[in-house]
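Topology and contacts: notes
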2 protein chains.
Amino acid sequence: MTPLQIASSLNDIAQQTRQAASLLALLSTEAKNQAIASVAQALESAKDKILQANLADCEAATADGIAQPLYKRLQLDEHKLRDAIAGVRDVGKLADPVGQVQIQRELDTGLILKRITCPLGVLGIIFEARPEAAIQIISLAIKSGNGVILKCGKEAVRSCEAIVAAVKTGLSTTDVNPDVVQLLTTREETLALLQLDKYVDLIIPRGSNSFVRFVQENTRIPVLGHADGICHIYIDKAADIETAIAVTVDAKVQYPAACNAIETLLIHQSIAGEFLPKVAQALAEQQVELRGDERTLQILPEIVPATATDWETEYSDFILSIKIVDSLTDAIAHINQYGSRHTDAIITEDVAAVETFFGLVNSAGVFHNCSTRFADGFRYGFGAEVGISTQQMPPRGPVGLEGLVTYKYQMTGAGHIVATYTGANAKPFTHQDMKE
Amino acid sequence: MTPLQIASSLNDIAQQTRQAASLLALLSTEAKNQAIASVAQALESAKDKILQANLADCEAATADGIAQPLYKRLQLDEHKLRDAIAGVRDVGKLADPVGQVQIQRELDTGLILKRITCPLGVLGIIFEARPEAAIQIISLAIKSGNGVILKCGKEAVRSCEAIVAAVKTGLSTTDVNPDVVQLLTTREETLALLQLDKYVDLIIPRGSNSFVRFVQENTRIPVLGHADGICHIYIDKAADIETAIAVTVDAKVQYPAACNAIETLLIHQSIAGEFLPKVAQALAEQQVELRGDERTLQILPEIVPATATDWETEYSDFILSIKIVDSLTDAIAHINQYGSRHTDAIITEDVAAVETFFGLVNSAGVFHNCSTRFADGFRYGFGAEVGISTQQMPPRGPVGLEGLVTYKYQMTGAGHIVATYTGANAKPFTHQDMKE
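Not measured: the values here are computed from a predicted model.

A closer look at the overall build of chain A
The helix and strand tally for chain A stands at 15 helices and 17 strands. When burial is assessed residue by residue, chain A has 58% of its 436 residues classed as buried. Of the contacts formed within chain A by residues at least 6 apart in sequence, a portion of 72% connects residues at least 24 apart. Approximately 17000 Å² of chain A is accessible, and the part contributed by carbon and sulfur atoms is 50%. The averaged location of the 52 negative side-chain charges in chain A is 6 Å from the averaged location of its 37 positive side-chain charges.

Now the structure itself:
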């Protein structure tokens, strides 16, 4: 197809999705939960087909020489799939984010203002090679009353096609029109999707910083950036050494491919002499490669020198850069300059240092004496997440159902006009908040 | 200056603003309120200077042949200025939007998650020729802990320079660094401002749809669009005729230059014969020019025919387009196609029609039996507003202090690591919400 044909075909798809989504938006919680249950059932029935499709994806990726961390994300075994389907059922149990009354206020007798949550409309989600992400995203979209146009990584096309086919089968027996879920598979379609601001209300690109930036530069649709996680731990001069070692090791090695794993360790110069050899040994036992700045190399002469690029690199691997700083202020400045506003932690017993760190580090998550790996929708108790937002505006951090809805102001009057409340004899407003 | 010099100088200004704002973010409510009181005092002391500067702006604009509605917005008399200064004092009385605890949850013993509101950082606000808007925006920015870079319309440069000078004088005796407020005056600076995603966290363009679109296409910074208001009233077949006339007249003529005034009247065909002649007479008494579709012309043959452009035009003037529709569904389709997602009203006594209208009209405000002119931060009881957002994502509708803050997740542990909560012997999370 020519770019024009792709755009035209995608335009039709998006219009259908929007149409279907506008009816989904009006469905009751029960109807949405029934649809979610039916989707879970259909995914279970299609288990073998999905796993076979994934096997084919994995074989093709191996033949293409895929990198090991990417392969791990792509691979969908029976266990991962079962967990993902259980996750769909969990989303069914979460509170409905739609229809919540945020404001209910009498402006004057008989003039009532309400602010009520409602779906955004249609989500465009461009995600990486992790097929179970599609399952989670679809269930969150349905529960929040939104249509969703998915674009999966090219490595996962067969898996995602099998998943979306099962989802559509599941939906076909429910009140939810299967058109609410669509799958795109080519890069050309991604480009066309970014132009559909008439039909798509939010783009969620999951990937590298440069990819998120590319998307931001090529669309007028609002973008919720799930970008790199360049997370830091700062070991303050008042840190407890044992805590510092345990948390550093966990945050680096527990799952290095996760965006909430740390990439850089900042250490106050007055504690570096005692702490560095110990943490280096603990990390060496886990096969972590260390890269240090000049002062770090004076203490650990055997490690690799860090270059300027290291401070802005998400390794997603068993590699950690280390820098010695003169003060808390310098640590905060480094984090705000090189971090990705994801999650950064301080290890210290000094409450004043915590307060400064929490106040001045400009990240979605600021942690004290615990691992950055806790920055996650499940661990926060949100049930599920569509991504982790590193933008400044809400929704920020792990985004669950709450981040997929907006609100409307609904006003009901009895012929009220503004002229009554204007000018010399203006009637005052009462502005009384009401109980539901 | 060359574009490069402008960019470099603006970069320095933005960096200063960010630096000053990061300290403002940590100030207590009392310190911010003192600063706001001092700003109000300084504006009062500078009243004569500001009014003289405005007079010079108005004279220059008249010489340039400014349009009448724009002139009215530009003109700042003693009364408007007094109201604006009173508005500053009102902002001082509003609750502090910063530091509010939105979530406080125990994930496990000793591992506490909080979500706390915090300032966005630096706002970039590009506004039209209304000088008192600068006063309101500055007070909202300070109260919400944000720095603000203002770019005013070229007609209002003298007025805004006088206002910002007074504000800086007011701040100079307080804990708030005067650098938190900056004024830009040229179009070249606007373009450079849009590139400063490193220092500016939110752009609020106030102006036409095409201007907002231009801004969205030329920046990676999130944009809060305060665009055209193409608002509608739909007169349902079950409308009370008297209510319909009173609300239509108010929504059109009470202040036609406002974005929440209506531009198009949609009328159900079965009520048009009775309603149209009456409303036409009421509007004629207010010198409103009517433009009708073919069916309207059959009832009101003396009025101007409407063309396709009329449905997408914000007149901001005593002009109203009229269209007869066959059904509620057609009215909703027209609104969703041509409206600007601002505020749209239905006049009816039929509750089922209201429910359909509220559910399917995709606008920030959906009103029943009252004037669209109520869509306003003051009237909603928000105290003040920085603009009315016509975007889909929150903040939507009138944006007050609440829309100028974001949040951080703060987690405090005692050496907690994720490994404890993972794998075969994973400890479960407690996820207990806590009282403050």
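That covers the picture; the talk isn't over yet.
Let's talk about the interface of chain B and chain A
Contacts between the two partners involve 75 residues from chain B and, on the opposite side, 75 residues from chain A. The largest per-residue losses of area from chain B upon contact with chain A belong to R220, M393 and Y409 of chain B, which jointly make up 12% of the total buried on that side. Where chain B touches chain A, the interface holds eight salt bridges. Across the pair E217 of chain B and R220 of chain A runs a salt bridge, and its minimum N-O distance is 2.2 Å.

Things to note about the sheet that holds strand β16 (residues 405-416) of chain B
If you trace the eleven strands from one edge of the open sheet to the other, you get β10(A)-β9(A)-β11(A)-β8(A)-β7(A)-β12(A)-β13(A)-β16(B)-β2(B)-β1(B)-β17(B), paired in mixed fashion. The open sheet has two free edges, formed respectively by β10 (304-305) of chain A together with β17 (432-433) of chain B, since each of these has just one partner strand. Strands in contact with helix α11 (residues 269-284) of chain A are β7 (231-235), β8 (262-268), β9 (289-292) and β11 (319-325) of chain A; relative to β8 of chain A, the strand with the most contacts, it is inclined by about 145°.

Some details on the sheet that holds strand β6 (residues 202-205) of chain A
All names here are of chain A. The four strands lie next to each other as β5-β4-β3-β6, forming an open sheet whose pairing is parallel. The sheet is open, and its two edges are formed by β5 (181-184) and β6, each paired on a single side. Across the sheet, the mean angle from the axis of one strand to that of its neighbour is 15°, orientation sign disregarded. Contacts from helix α6 (residues 131-143) reach β3 (122-126), β4 (147-151) and β5 within the one sheet, and its direction differs from that of β4 by about 165°.

Brief notes about the relation of the copies chain B and chain A
For the pair chain B and chain A, the relating rotation is 180°, the translation along its axis is 0.0 Å, and the fit reaches an RMSD of 0.0 Å. Viewed as a symmetry operation, the transformation between the two copies matches a two-fold axis. Mapped onto chain A, 100% of the interface residues of chain B are again interface residues, and the two copies thus contact each other with one and the same surface.

Observations concerning the pairing of strand β13 (residues 365-370) of chain B
Counting buried positions over the six residues of β13 of chain B gives six, a clear majority of the element. Of the pairings in the sheet, the one linking strand β16 (residues 405-416) of chain A to β13 of chain B comprises five bridges and is parallel in character. Each residue of the ladder has a partner; that of T412 of chain A, found in β13 of chain B, is H368 of chain B. Here strand β12 (residues 343-347) of chain B runs beside β13 of chain B; their pairing, made up of four bridges, is parallel. Paired with I346 of chain B across the two strands is H368 of chain B, which belongs to β13 of chain B. What joins β12 of chain B to β13 of chain B is helix α14 (residues 351-360) of chain B, and the crossover it makes is right-handed.

Here's the deal with the packing of helix α5 (residues 78-93) of chain B against helix α6 (residues 131-143) of chain B
Residue and element names in this part refer to chain B. At a minimum axis separation of 9 Å, α5 and α6 run at an interaxial angle of 10°. Taken together, α5 and α6 sit at an angle that is classed as roughly parallel. Contact residues: K80, L81, A84, V88, V91, G92 and K93 in α5; E132, I135, S139, L140 and K143 in α6.

A short note on the environment of R18 of chain A
With respect to the element layout, R18 of chain A can be found in helix α1 (residues 3-24). The spacing of R18 of chain A and G153 of chain A is 135 residues in sequence and 23 Å in space, taken between C-alpha atoms. When near neighbours in sequence (up to four residues on either side) are disregarded, R18 of chain A contacts V122, K198, Y199, V200 and D201 of chain A together with R341 and N362 of chain B. In this structure the side chain of R18 of chain A is engaged in a polar contact, spanning 2.9 Å, whose partner is the backbone oxygen of Y199 of chain A.

Focus on the domain arrangement of chain A
All names here are of chain A. Split into domains, chain A comes out as domain 1 (3-227 + 390-407) and domain 2 (231-376). The centre of domain 1, based on its C-alpha atoms, is set 34 Å off from the matching centre of domain 2. Facing the seven residues of domain 1 at the interface are ten residues of domain 2. Buried area between domain 1 and domain 2, summed over both chains or domains, comes out near 820 Å², and the portion from carbon and sulfur atoms is 52%.

Quick notes on the environment of R158 of chain B
Residue and element names in this part refer to chain B. In this structure, R158 sits in helix α7 (residues 157-171). When its relative accessible area of 39% is taken as the criterion, R158 is described as partly exposed. Residues R158 and P222 lie 64 residues apart in sequence; the distance between their C-alpha atoms is 29 Å. If sequence neighbours within four positions are ignored, R158 has contacts with A53, A56, D57 and A60.

Section: the environment of G153 of chain B
All names here are of chain B. As for its placement among the helices and strands, G153 is situated in the loop between β4 (147-151) and α7. Taking the C-alpha atoms as reference points, G153 and L276, separated by 123 residues in sequence, lie 40 Å from one another. In contact with G153, not counting residues within four places along its chain, are F127 and E128.

Some points on unusual backbone geometry
Of all residues except glycine, most have a negative phi; of all peptide bonds, most are trans. Residues and elements named next belong to chain A. In the segment running from P394 into P395, the intervening peptide bond is cis, with an omega of -5°. Mapping P395 onto the fold places it in the loop between β14 (387-389) and β15 (397-399). Positive phi outside glycine occurs at R341, with the angle close to 60°. When you line up the elements, R341 lands in the loop between α13 (328-338) and β12 (343-347).

Some thoughts on the pattern of salt bridges
Residues and elements named next belong to chain B. Tallying each qualifying case throughout the model produces 40 salt bridges over all chains. For E44, the salt bridge is made with R89, and the minimal N-O distance between the two is 3.1 Å. With E44 in helix α2 (residues 29-45) and R89 in helix α5, this residue pair connects regions lying 45 residues apart in the sequence. Residue D310 pairs with R291 through a salt bridge whose shortest N-O separation is 2.9 Å. Here R291 lies in strand β9 (residues 289-292) and D310 lies in the loop between β10 (304-305) and β11 (319-325), a separation of 19 residues in the sequence.

Quick look at the packing of aromatic side chains
Counted according to the given criterion, the structure contains 14 aromatic pairs over all chains. Ring centres of F374 of chain A and F429 of chain B lie 6.3 Å apart, and the angle between their planes is 80°; this geometry places the pair in the edge-to-face category. With one member in each of two chains, F374 of chain A in the loop between β13 (365-370) and α15 (377-380) and F429 of chain B in the loop between β16 and β17 form a pair that bridges those chains. With relative accessibility at 0%, the residue F374 of chain A sits in the buried group. Judged by its relative accessible area of 21%, F429 of chain B is partly exposed. Here the aromatic rings of Y409 of chain A and F382 of chain B are separated by 6.0 Å at their centres, their planes lie at 55°, and the arrangement is tilted.

Observations regarding the packing of helix α2 (residues 29-45) of chain A against helix α5 (residues 78-93) of chain A
Residue and element names in this part refer to chain A. Packing of α2 against α5 leaves a shortest axis separation of 9 Å and a crossing angle of 170°. Taken as axis vectors, α2 and α5 run roughly antiparallel relative to one another. Across the interface between the two elements, N33, I36, V39, A40, Q41, L43 and E44 from α2 touch I85, V88, R89, V91 and G92 from α5. Of the residues in the contact of α2 with α5, the class split is seven nonpolar, three polar and two charged.

How each quantity is defined
Residues numbered from 1 in each chain as written. Chains lettered and ligands numbered in written order. Predicted model: local features only at pLDDT ≥ 70, side-chain atom pairs only at ≥ 80, totals over all residues. Heavy atoms only, no water. Helix = DSSP H or I, 4+ residues; strand = E, 2+ residues; numbered from the N terminus. Buried < 20%, exposed > 50% of the residue type's maximum accessible area, 1.4 Å probe, protein only. Contact = heavy atoms within 4.5 Å. Areas by Shrake-Rupley, 256 points an atom, 1.4 Å probe, with all protein chains shown as cover. Lys, Arg positive; Asp, Glu negative; His and termini not counted. Charge placed at Lys NZ, Arg CZ, Asp CG, Glu CD. Buried area = accessible area lost by both parts, 1.4 Å probe. Salt bridge = Lys/Arg side-chain N within 4 Å of Asp/Glu carboxyl O. Pairing = 2+ DSSP bridges. Axes fitted to C-alpha atoms, helices over the stretch in contact; angles between N-to-C directions. Least-squares fit on C-alpha atoms with pLDDT ≥ 70 in both. Right-handed = clockwise from strand over helix to strand, strands pointing away. Parallel < 35°, antiparallel > 145°, perpendicular 65-115°, else oblique. Polar contact = N/O pair within 3.5 Å; in protein donor to acceptor, adjacent residues only side chain to side chain. Domains from an automatic or database assignment. Phe/Tyr/Trp six-rings, centres within 6.5 Å; stacked < 30°, edge-to-face > 60°. Nonpolar A, V, L, I, M, F, W, Y, C, P; charged D, E, K, R; others polar.

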